[in-house]
Amino acid sequence: MQSIRHKYANMTDTSLTSVLRLLQSARLIEARLAGEFSSVHGLSVNELFLMMQLDAAPRQRLTRVELAKRLNTSASTVTRMAAPMEKLGLVARETDSRDARLAFVVLTPTGAERLAEAQATLAKRATDVFRDRWDVDEIETLSDLLGRLVVGAPGNLT
């Protein structure tokens, strides 16, 4: 019979390996998508996620602080990301009508159009990520397992 200490050591090793593989996989997938998003849509993967968060929000707007929570980053990073997107007309700033100190980042119609195009590319490329490795049932299992990791997380888009 396996000792408790040994049992948890294996779980820790397996957990560590799983986390490392998830991080490596995320970077690999992002790298595969980044070139096409940049050249075809003029967006980074992070900008795509920012726009997806805005699109999913009520009135397609969020404060920088709320965007930062949903993107797991800082409000200053959101500010740096949003500035060039504002210049391109993809997002805009909007102040609250009742409290001028409260500012929102808002998805513009131009941004919504660019987002729709980029999401179509993402949908096509998502299939490519798994095509040569797993069957449909395995992909569904992976999706279910990863869904359990993000359930209740701020900014969960699924």
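Before any of the text, the structure's been laid out above.
Scope of this entry: the structure provided in the associated data block. Not measured: the values here are computed from a predicted model. (Residues numbered from 1 in each chain as written. Predicted model: local features only at pLDDT ≥ 70, side-chain atom pairs only at ≥ 80, totals over all residues. Heavy atoms only, no water.)

Moving on, we come to the nonpolar core. Ranked by size, the top nonpolar core spans 24 residues in total, and within it Leu 50, Met 51, Leu 54, Leu 67 and Val 91 carry the most contacts. Listing elements by their share of this core, those giving two or more residues are α1 (4-41), α2 (45-56), α3 (64-71), α4 (75-87), β3 (103-107) and α5 (109-130). Per-element tally for this core: the top contributor is α2, with six residues. Those residues in contact with Val 91 that sit more than four places away from it in its chain are Leu 50, Leu 54, Ala 82, Met 85, Glu 86, Val 105, Val 106 and Thr 108. (Core = buried A, V, L, I, M, F, W, Y, C linked by side-chain atoms within 4.5 Å. Buried < 20%, exposed > 50% of the residue type's maximum accessible area, 1.4 Å probe, protein only. Helix = DSSP H or I, 4+ residues; strand = E, 2+ residues; numbered from the N terminus. Contact = heavy atoms within 4.5 Å.)

Along α3, the residues that are buried comprise Arg 64, Leu 67, Ala 68 and Leu 71. The buried residues of α3 all sit within an arc of 100 degrees when viewed along its axis, so they share a single face. Summarising the contacts, the buried residues of α3 are in contact with α2, β1 (61-63), α4, β2 (91-95) and β3. Directly beyond the C-terminal end of α3, a positive phi value near 55 degrees is found at Asn 72. (Arc of directions from axis to C-beta.)

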